[in-house]
Amino acid sequence: MPNTTVLMPKLGQAMTEGSVVLWHRKDGERVEAGAVLVTVETDKATYDLEATASGTVHIIIQEGEEVPIDTVIAEIGDAPVQTASAAPVAPQAVVQHKQTSSKQRVLASPKAKRLAAQRGIDLSTLTPSGADGIISASDVENAVAAPKTPALASGSAVSGRIERERRKLIGMRKASARRVQEAWQTIPHIVQMIDLDATALRAMRKQLKQEAPAITLNDVLLHTAARVLTGLPDLNGTIQNDELVLYDGVDIGFAVGSPRGLLVPVIRRADTLSMAQLVAESQRLIEAGRTGQLGPDDMGNASLTVSNLGMFGIQAGTPVINLGEPILVFVGAVEDRPVVVNGQIVVRPMMTLSIAYDHRIADGVAASRFSQGLKQALENLESEVQSSKPVLSAVEGSKVQSLPPNPQSLTPNPQDRLGKRELHSVSAGERYEVQVHSQNHVWTLDEPNSDGGNDAGPDPVTAFLGALLSCMTIAFKAAARRRKVTIDRIEGHINATPKGHVKEIVLTLEVWSPAAEQDLKILLERAERGCYVSGVLKPEINFAVELTIHSTEAS
């Protein structure tokens, strides 16, 4: 019975080649149909391919190698693997793959080939150390560790640059480099920079945080930009040959960092989504991007892209537009600046938007309409903040929907059910001991004997740190429960310095779990956003102390 071939799949209309990232079975091992066999990477994302048959795995294309689509990368079965089976099904692909190979065949172990590809080592330049004449992984490691002799000019001075390492660009990084270069060479860029007062934007974000902690400043920007572009339909287009192609609906991309590089997932039909729906979709895309699960339809062909680097303190920039898109909005940092208002110098939170346009689609006037419109929309968010209707209810008319369950509400008591917290404390006599009462619990705080107390309970700072440690633990477990991740045990540690007026807190969670490390790191990100006690540390929280006096007779 002939073997079943495993091909490099075509996972998108524009895909022409892909890279083998990880084999989940070793060469010669058995695999069952339906089990994950190999992870491949395209110019957009990574994908897990399942075995379509059961049998012995015969690996043909090693990890780190890039081949055209329809190339046979492995076979499954018990029949001997023929040399010709390593070639792609399509004749043209055969030629392309052979052209990337060395003219002289080099014998090397699979691990050696993988290390050489990662380190940019030409295997034909290495001499095998073993008697079998096959280059081993240790041969490659020795070549990497060997000191490089720089070229010397006359005298003892070093001439030229000393090359440390070469890394082959494959998959998304290769595609990104190619597309940025092509975009810069193809699209005539114009960049407009416009400052806006972010007072209303901050107020909007504060209200949204109270309604749903998962919402970010970026979500507000995406939602607002979609509405503004809807009113300027002639900017929602691309140039194809000698034609201007205009589109219905606003699809908005946004930049997301991932272990494989920068990704730009796209929220489809963002102009029809409520804030709640947009937040849910952006969270889905962020998680899919970080775990390598973005599909072909989740990327590319956006009406505009928003790149927010303000979190790094960057004020302005000259962004490069993505191919096939007309606009890229570069969002700068929100920072307090002196500005003139009604003839007076005042300090306001200001933000700079650097907006790049395809000059073939938007001339200076048309571009200015969008720049000015986005500025005005963001500065006038105050009217929405003051509205009696919930900001998150949805868009107008029949599309109004309530906020769906928030994937970031991690604690067992979501904010919308907590209402107002009220506590009561009592401390009688000269002792420091304080009894704190909530609805169902009573606990004691005190100072240690060394500070004049009776040590009847933890001191207030220690109690707060314990609450913070407990909150992070609970938030982590709640996130695991929602994602169906098994947690066997968690131990927490917290260090606060100095002992008096604390200025630095370091919290560590030790987790025992059978889950993958990457899944647990995602849980930590969710827990950090969902722990309400850590939110008490934020400077924007209003804190006031009032005094009520009851007169008593002197004893």
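The following refers to the structure shown.

### Some words on the nonpolar core
- Counting residues in hydrophobic clusters, the biggest one holds 53 residues, and the most contacted among them are Val329, Leu353 and Phe370.
- The greatest single-element share of this core, amounting to eight residues, is contributed by helix H6 (residues 217-230).
- In this structure, Phe370 is in contact with Ala225, Val228, Leu229, Leu232, Leu235, Leu304, Ile327, Val329, Ile355 and Tyr357, ignoring residues within four places of it in sequence.
- Formed by 23 residues, the second largest nonpolar core is a distinct cluster that contains Ala35, Val57, Ile60 and Ile69.

### Focus on the packing of helix H11 (residues 460-482) against helix H12 (residues 517-530)
- Two elements in contact, H11 and H12, have axes whose closest approach is 8 Å; the angle formed by their N-to-C orientations is 125°. In terms of orientation, H11 lies oblique with respect to H12. The way H11 lies across H12 gives a crossing that is right-handed. Where H11 abuts H12, its residues Met472, Ala475, Phe476, Ala479 and Ala480 lie against Leu520, Leu523, Leu524, Arg526, Ala527, Glu528 and Gly530.
- Partitioned by chemical class, the residues of the contact of H11 with H12 number nine nonpolar, one polar and two charged.

### What to know about the pairing of strand S19 (residues 344-358)
- Two elements, strand S9 (residues 189-197) and S19, share nine bridges in a ladder whose sense is antiparallel. In the sheet register, Gln192 faces S19, and the bridge partner there is Ile355.
- Sheet topology note: the strand S17 (residues 327-331)/S19 ladder contains five bridges and is antiparallel. Along S19, the bridge assignment pairs Val331 with Leu353.
- As paired elements, strand S18 (residues 335-341) and S19 share seven bridges and run antiparallel to each other. Paired with Asp336 across the strands is Pro349, a residue of S19.

Cut-off values and rules
Residues numbered from 1 in each chain as written. Predicted model: local features only at pLDDT ≥ 70, side-chain atom pairs only at ≥ 80, totals over all residues. Heavy atoms only, no water. Core = buried A, V, L, I, M, F, W, Y, C linked by side-chain atoms within 4.5 Å. Buried < 20%, exposed > 50% of the residue type's maximum accessible area, 1.4 Å probe, protein only. Helix = DSSP H or I, 4+ residues; strand = E, 2+ residues; numbered from the N terminus. Contact = heavy atoms within 4.5 Å. Axes fitted to C-alpha atoms, helices over the stretch in contact; angles between N-to-C directions. Parallel < 35°, antiparallel > 145°, perpendicular 65-115°, else oblique. Left-handed = near helix turned anticlockwise from the far one by under 90°. Nonpolar A, V, L, I, M, F, W, Y, C, P; charged D, E, K, R; others polar. Pairing = 2+ DSSP bridges.

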